[in-house]
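Each chain, letter by letter, is given below.
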Amino acid sequence: DFVTNISKKLSPPLVTLLSSEPEVQYVALRNINLIIQKRPDILKHEMKVFFVKYNDPIYIKLEKLDIMIRLTSQANIAQVLSELKEYSTEVDVDFVRKSVRAIGRCAIKVEQSAERCVSTLLDLIQTKVNYVVQEAVVVIKDIFRKYPNKYESIIGTLCENLDTLDEPEARASMIWIIGEYAERIDNADDLLESFLDNFNDENSQVQLQLLTAIVKLFLKRPTDTQELVQQVLSLATQDSENPDLRDRGFIYWRLLSTDPAAAKEVVLAEKPLIAEETDLLEPTLLDELICHIASLASVYHKPPTAFVEGKVGLKKMLPARAGDTDSEQEAAGATIIPEPGSLIGDL
């Protein structure tokens, strides 16, 4: 009861701080971010104060967005999704990208809303705005990892936008989706083969994902994809200078040539579900930062030892004077300019 009462009293002053100038707002938001990780109930009814205003600076927008996701629940998901969809049409590219990712995080956090989130992402894909489509593909991959075999009906829409993907993360995500659901995509071999034309020019993230996806496809449809898997294994092991790619290629090659059944168990093994909150601070670090609320530590989200030199603070040594004896030099060298805190203590 005591904690509940204190929590109720904390909410109004925190909300009041958000009507200050941007710099004060930012410090308040950074501290609020820590507080709601420890006590999410404190501001659970105050979602609207974190909605982004058109004239907020970008650093305020991004902090508010992060807090909105932390406060999202089944009770307010409709409001949040409506806001996020609107943010996704803004002109600031970084903010739009983070807004699209936030929709994916909502789907992962609130299972009952996943279908509505997927529908919102499909609406955004239909806008054909390049960077929006690419972010949507990335977050849909995470949704597939959280809810396997649930939303495959949208794969066709994703494949239609394959040619517009030019960022490594988006291309790798699309390749993962094709490999994971290869048995349900009739032309999966053609889609993956289209990536092989410029295999050596692709980002290493895309190359690794493509290698794994084609091996998955071969294990699911061995009769008509043998040439494709030999081609990608040859590219990975003979033409590549990336040691990670070469090693993975050799492992797959050895597995497929010696024990295809074992390869199937390894490559097509059931994967663990993606975690709901991957960006929460470690509990011990969070407890330490809570003790430093309203200090620089709570703004940086780092303990004081990470950005303050020494344990007590910065100390300056007085230089020794020329002509002093060794003992006098040592005494002079050991003289320390007292810090303001110790001076106040003496007074």
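**Quick word on the overall build of the protein chain**
Then, number 1: Within the protein chain, the regular secondary structure consists of 18 helices and zero strands.
Then, number 2: Across the 347 residues of the protein chain, 44% fall into the buried class.
Then, number 3: Put simply, 64% of the contacts in the protein chain that link residues at least 6 apart link residues at least 24 apart.

**Structural notes on the nonpolar core**
Then, number 1: F50, M68, L84, L121 and F144 are the most contacted members of the largest nonpolar core, which totals 93 residues.
Then, number 2: For this core, the element with the most residues is helix α11 (residues 204–220), which contributes 10 residues.
Then, number 3: Excluding residues within four positions of it along the chain, F144 makes contact with Y151, E152, I154, I155, L158, W176, I177 and Y181.
Then, number 4: Counting five residues, the second-largest nonpolar core is a separate cluster that includes L34, L281, L286 and L289.

**Observations regarding the pattern of salt bridges**
Then, number 1: Scanning the entire structure with this criterion turns up 21 salt bridges.
Then, number 2: In this structure, R171 engages E202 in a salt bridge whose closest nitrogen and oxygen atoms are separated by 2.5 Å. Of this pair, R171 sits in helix α9 (residues 168–180) while E202 sits in the loop between α10 (188–196) and α11; the two residues are 31 residues apart in sequence, bridging distant segments of the chain. Across the pair, E202 and R171 agree in class, each one buried.
Then, number 3: Close ionic contact of R221 with D189 constitutes a salt bridge, the shortest N to O distance being 3.7 Å.

**Points about a negative patch on the surface**
Then, number 1: Taken together, the side chains of D190, E193, D197 and E227 define an acidic patch exposed on the protein surface.
Then, number 2: By secondary structure assignment, the location of D190 is in helix α10.
Then, number 3: A relative accessible area of 45% means that D190 is categorised as partly exposed.

**Digging into the side chain of T225**
Then, number 1: Looking at the element boundaries, T225 is found in the loop between α11 and α12 (226–239).
Then, number 2: For T225, a relative accessible area of 1% puts it in the buried group.
Then, number 3: Looking at T225, its side chain comes within polar contact range of the main-chain oxygen of R221, at 2.6 Å.
Then, number 4: Those residues within four positions of T225 in sequence are excluded, and the remaining contacts are D189, L217 and F218.

Rules used throughout
- Residues numbered from 1 in each chain as written.
- Predicted model: local features only at pLDDT ≥ 70, side-chain atom pairs only at ≥ 80, totals over all residues.
- Heavy atoms only, no water.
- Helix = DSSP H or I, 4+ residues; strand = E, 2+ residues; numbered from the N terminus.
- Buried < 20%, exposed > 50% of the residue type's maximum accessible area, 1.4 Å probe, protein only.
- Contact = heavy atoms within 4.5 Å.
- Core = buried A, V, L, I, M, F, W, Y, C linked by side-chain atoms within 4.5 Å.
- Salt bridge = Lys/Arg side-chain N within 4 Å of Asp/Glu carboxyl O.
- Patch = residues over 30% accessible without salt bridge, like charges linked within 9 Å, V, L, I, M, F, W, Y side chains within 5 Å.
- Areas by Shrake-Rupley, 256 points an atom, 1.4 Å probe, with all protein chains shown as cover.
- Lys, Arg positive; Asp, Glu negative; His and termini not counted.
- Charge placed at Lys NZ, Arg CZ, Asp CG, Glu CD.
- Polar contact = N/O pair within 3.5 Å; in protein donor to acceptor, adjacent residues only side chain to side chain.

Geometric descriptors of this kind do not, in isolation, establish any biological role.
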